[in-house]
Amino acid sequence: MANSLYGPLDPAPDAGYVDAPPRMGFFTDTSVCIGCKACEVACKEWNAVPDDGFDLLGQSYDNTGGLSANSWRHVAFIEQPRPDPVFLGMPGQDKPDFRWLMMSNVCKHCTHAGCLDVCPTGALFRTEFGTVVVQEDVCNGCGYCVAACPYGVIDRREGDGRAWKCTMCYDRIGDGLTPACAQACPTESIQYGELDVLREAAAERVAKLHAEGVESARLYGHSEEDGVGGDGAFFLLLDEPEVYGLPPDPVVTTKDLPDMWKRAGLAALTMAASVAVAFLGRRR
Amino acid sequence: MGVRTWIEGWPVYRQLTGTDPLGRGAAAQSERSKGLTARTETADRVAKSVCPYCAVGCGQRIFVKDEKIVQIEGDPDSPVSRGRLCPKGSASLSLVTSDRRQQHVLYRRPYGTEWERLDLETAMDMIADRVLAARDATWQDRDDRQRPLNRTLGISSLGGATLDNEENYLIKKLFTAIGAIQIENQARI
Amino acid sequence: MAEAHPVGFQWVVEAKNRGAKVIHVDPRFTRTSALAHTYVPVRAGTDIAFLGGVINYILSNEKDFREYVLAYTNASTIVSEDFRDTEDLDGLFSGYDPETNTYNSDSWTYDGVEQHHEPHPDTAEPMRHESHGAPVPKDTPKDPTLQHPRCVYQVLKRHYARYTPEVVERLCGVPRQAFLEVCEAWTANSGRERTTALVYSVGWTQHSVGVQYIRTGAIIQLLLGNMGRPGGGVLALRGHASIQGSTDIPTLFNLLPGYLPMPNHEKHETFRQWVDAIRHPGQKGFWSNAESYAVSLLKAYFGAAATEENDWGYDWLPRVTGDHGTYRQALDMIDGKIKGYFLLGQNPAVGSAHGRAQRLGMANLDWLVVRDLYLIESATFWKGGPEAATGEIVPEQCRTEVFFMPAAAHAEKEGTFTQTQRMLQWREKAVEPPGDARSELWFFYHLGKRIRERLADSTLPRDQGIKNLTWEYGGEEPDAELVLKEINGYDLTTGKLLSTFNEMRPDGTTSGGCWIYTGVFKDGVNQAARRKPGREQNFVAPEWGWAWPANRRTLYNRASADPEGNPWSQRKAYVWWDAEKGEWTGEDVPDFEKTKPPSYRPGPDDTGVAAIAGDDAFIMQGDGKGWLFAPSGLIDGPMPTHYEPAESTIRNPLYGQQANPTRKVYDREDNPTNPSPPERHSEVFPYVFSTSRLTEHHTAGGMSRQLAYLSELQPEMFVEVSPALAAERGLTHLGWAHIVTARAAIEARVLVTERLRPLRIDGRTIHQLWLPYHWGSEGLVTGDSANDLIGITLDPNVLIQESKVGTCDIQPGRRPIGKALLAYVEEYRRRAGLIPGHHTPIVTTGDADG
């Protein structure tokens, strides 16, 4: 049972799906992201997500600020000035060392998802595709999941109280369609597909970029050995994760849960019963 | 709902008896989640269309259910766009279905301080009358050397770049026939 | 491109992934720069100097694709000995008349050509040849060795000899190395085996030398053999869904469908004069069939009433007398000359230059009809615009009667858009429009019916055109397909739809509303509705939609083969001569007579299409050649020359002539121009600004600031400044600033960013700032309009405004409000010497301050 909460794992069979389809995921290649935010809009149109307010944040071209209950895709913009503040137009100067990094962030659909592990109502569940989805008809807005996410992704919606995040368009992929963000993405920065295939493509992409001299290219969230057992949505970055606002070494918050269970098995069972009651309470 | 169904619908029962002892997957799936399907799949029809924003001409598929548009997304068949859309194209559904869209003719009378409602047919009649009055008041038959002019400089029009070819054709045809030449669009801007 | 056309940019990303080098030249670092290998910052308004430098690099290093240049361009043609260059005349070409600020272009012609001594083309009467080929004889002296000092090649070489990397650096602020990197990449990637595409967005046209910007690009692409070939070309990325269509089937004052000119009262008094001015009898090229196109149009307009006896109804057409452009109209509205105004999906209160003039004009009409999806600023100017705040427009005193007519959206009507590569795509109707919303087709059909009813009994000559107009398009909702069929044209003897414009006749037996669109109903099928998936076709994808003319996807593609008709290389094979079959064939529809062999040479008496030789690739040109030097057709010179923008902070480093000497100026007190050297007081407006689009918004905001999902992404008007300028003016990130010109002061939040950098120009530091132009007073997010800052100065050829570069001041804090705002701008004008009686000098050659 410890294996179900930490380390490499194929999550859908582990969650009770017999003959589960291949695990599906996102590979977001930031080296071709143009920061157009089509992903943000396509996501909101499909999922009827409310707007996030009209506030100029001044974080380069980012005005939604981060992933939240009302932004399930979020494009980060990082302006990296060159170290030396001399005029560019100065005769005889070398090429500018300036980068504008863009990255479309999203829920990682972790192999070991803290949000799911702590959800007392069964609102968060693992789908047959290995993704992690909040069920809006079940969630009672307790908010345990918010604190449990090592990436700070899942969030409660003001006024509504329930937790919301990317579903990897569970309704679409169930019908064999591509999630809205990946379908819209003009440059294939967001790729959707079988996770194993995406991991291979990502490794090739990194190798190609290295061969072209882009030494800074690296993958993030691809490794099954990391603290969350690998992400269902992983990234190719051009700088350290912190630069993009990503935790460098995320660890599932329920890593130590089995130990706790051993000590409080009965309490856990009681909790499960209360979960069911809460579940029924919402059902009408 | 019978007792047996009721019990089987109980997640804890499913959790304890099924393949998902931790209750985080199959056992936790709600009926709603189980029944989810993409609304594009249940649409009554799909109209093949083109994005209304810039001139790249990205293909769009417009999904209609019960005479309402339920989704607009990129057309993967298009050799121009291969199914992709930018943020504006992706917002086409809002563009068309927003409740901020005006659905009534509005009229502001001279020196008026507020909009008023006006019947569509009445507005059309009023506009036709005004076109002819402006034309009569400003008609130019000939220039100072008696060469034909056949025109009015009293009427202007701006717009066409967001419209269809068929519409531009009728606009130019009608205005030319009544002698209105000051017809322009975004191509001049 | 990534900013304004993200989906088009997928092809750049794909090319990059396949090894292409991407270079981005722009005043500011944009989302396109972010993905380019090389970003080259440049001073706004110096593109001709930059590209002229590229031409100089090509010619001085003999990097041109010589075989192509000799065969397909006018490089070897000898120019008249009367021609004098800007290099000789301090920035003017020969033929300049300082009284009228126009050129007599007689001396720009080819050697041995009889000079017309036509009246000088007035800047107020441009585009006489935009629509059709300019007159040049088919045979003129040539020197295939390119050694003759007056051959085009040598004239060009001398003209650009001064545009050295050093001059480019000094003038554009582009370091020599970066510039040479561009030159080397462009030339190395052109020739037999490779082609380079030049892609511009239409901000390029928004300069007082806009046409010459594009000409400069075209010269390079011709010299490098990149025209008419796959992966080459000069490609405009246009910004509205059917702006190409609305130029082809024009809602433009100077054109009729298919680029036939609107009749001019003086030059086209009769039908014969009009037709001969288009077809140039005795000349070669496809315009020689213009009479067929013209008669077919008049048959489409007037049907059976158009007869040979009445010149097909030609006398029912109205006549133009000069400049009737949209800016002339706005000023005429202020002057009370215009009574009624239709706005059709366009928002000039925000989207046109000099917003204040636009709004004051609208406030001085009898009536205004606004047709749009949302309540836009141009519908509410009488109560919600900036002039309402300053008290210049008071609802109780504003007489304009306003009709707001809700419009149908793209999903609620069927019809075609023509996208930026001339491709028509038919849209199916998804649902009915809501409430009173109607299509433009419905509106104009029913407006026309009402007007015709009211004039049904008129015997006035002026009403006969509208009475004789064919105007039956179905029932309550007009049938768009019926209109498209009329555009395509019919054989009137059989009632069958035409399949090609070659079937058109000048005898009244055919009709066709736009000859270049003939074939869109080839074989009776709506070709624009074709949707064969791209992945099931070759890379040209000819069975998706339909491109004019004749479903050709690349124009002048005869040039993709060598003079003998063989592909320049197998790698770039596109269209070629199949000697066995005796016809042109290839991936695309050949842009050449199908069975005319490469070896064909016309006889001495041949004219028109018969005079096109088998290797005349540029079949619409009077000499069959691509023009490196334009012997006629342009108002402002046969070769592009660097002029400073109408508003500049520096003296033109190259010539005494500061700015385009033929630019269209409306010299009036309500349209002041900031002073530029050699005038005094240019220091009052010490900074350069440019404007453009953001990915998240669309033009004047009517289709984006009304939507929550777009508004949240860019919620507020802002100005981008470099850290150095922020320090110089005391601006803080996210603080307020206001920007001032002689027309207006607007406010914006400040984004301090290293994406903008000061440039070293001619020994001075030049600061550039940047503004998006999407905001106005209506919508979910509102703000001041950048276009309020801009005055009305136009390119003389096409009457498009210079709105991509100007001078300004920027100060921290918000702008004054109410009447104080007017006084504030007035004080700037006073300091700049823009007082009553001031006139901006046009000719500045020989000025001591130079």
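Residues numbered from 1 in each chain as written. Chains lettered and ligands numbered in written order. Predicted model: local features only at pLDDT ≥ 70, side-chain atom pairs only at ≥ 80, totals over all residues.

### Here we look at the interface of chain B and chain C
By convention, interface size is frequently given as the accessible area that disappears when the constituent parts associate. Listed by partner, the interface residues are 100 residues for chain B and 130 residues for chain C. Tallied by class, residues from the side of chain B that touches chain C come to 51 nonpolar, 26 polar and 23 charged. Pairing between strand S4 (residues 106-108) of chain B and strand S11 (residues 401-406) of chain C: three bridges, direction antiparallel. Among the inter-strand pairings, Arg108 of chain B is bridged to a residue of S11 of chain C, identified as Val402 of chain C. (Contact = placed C-beta atoms within 7 Å. Nonpolar A, V, L, I, M, F, W, Y, C, P; charged D, E, K, R; others polar. Pairing = 2+ DSSP bridges. Helix = DSSP H or I, 4+ residues; strand = E, 2+ residues; numbered from the N terminus.)

### Comments concerning unusual backbone geometry
Looking along the chain, the bond that leaves Trp548 of chain C and enters Pro549 of chain C is cis, with omega of -10°. Positionally, Pro549 of chain C belongs in the loop between strand S16 (546-547) and strand S17 (575-578). Residues Pro677 of chain C and Pro678 of chain C are joined by a peptide bond in cis, for which omega reads 5°. Structurally, the position occupied by Pro678 of chain C is in the loop between strand S19 (664-665) and strand S20 (687-692). Within the chain, Gln146 of chain B stands out as a residue other than glycine whose phi angle is a positive 65°. Take Gln146 of chain B: it is sitting in the loop between strand S6 (139-142) and strand S7 (148-158). Here Asn551 of chain C, not a glycine, exhibits a phi torsion of approximately 65°, which is positive. Inspection of the secondary structure puts Asn551 of chain C in the loop between S16 and S17.

### So, the domain arrangement of chain C
Residues and elements named next belong to chain C. Partitioning chain C into structural domains gives domain 1 (326-454) and domain 2 (664-831). If you average the C-alpha positions of domain 1 and of domain 2, the two centres end up 25 Å apart. The partner domain 2 presents 28 residues to the 25 residues of domain 1 that form the contact. Put simply, the parts of the chain that give the side of domain 1 that touches domain 2 at least two residues each are helix H12 (326-334), helix H13 (348-351), helix H14 (355-362), helix H15 (377-384) and helix H16 (386-390). The residue makeup of the side of domain 1 that touches domain 2, split by class, is twelve nonpolar, ten polar and three charged. (Domains from an automatic or database assignment.)

### Considering the interface of chain A and chain B
Contacts between the two partners involve 34 residues from chain A, matched on the other side by 33 residues from chain B. Put simply, the parts of the chain that give the side of chain A that touches chain B at least two residues each are helix H2 (38-47), strand S4 (124-126), helix H5 (170-173), helix H6 (180-184) and helix H9 (265-283) of chain A. Taken together, the residues that form the side of chain A that touches chain B break down as 21 nonpolar, six polar and seven charged.

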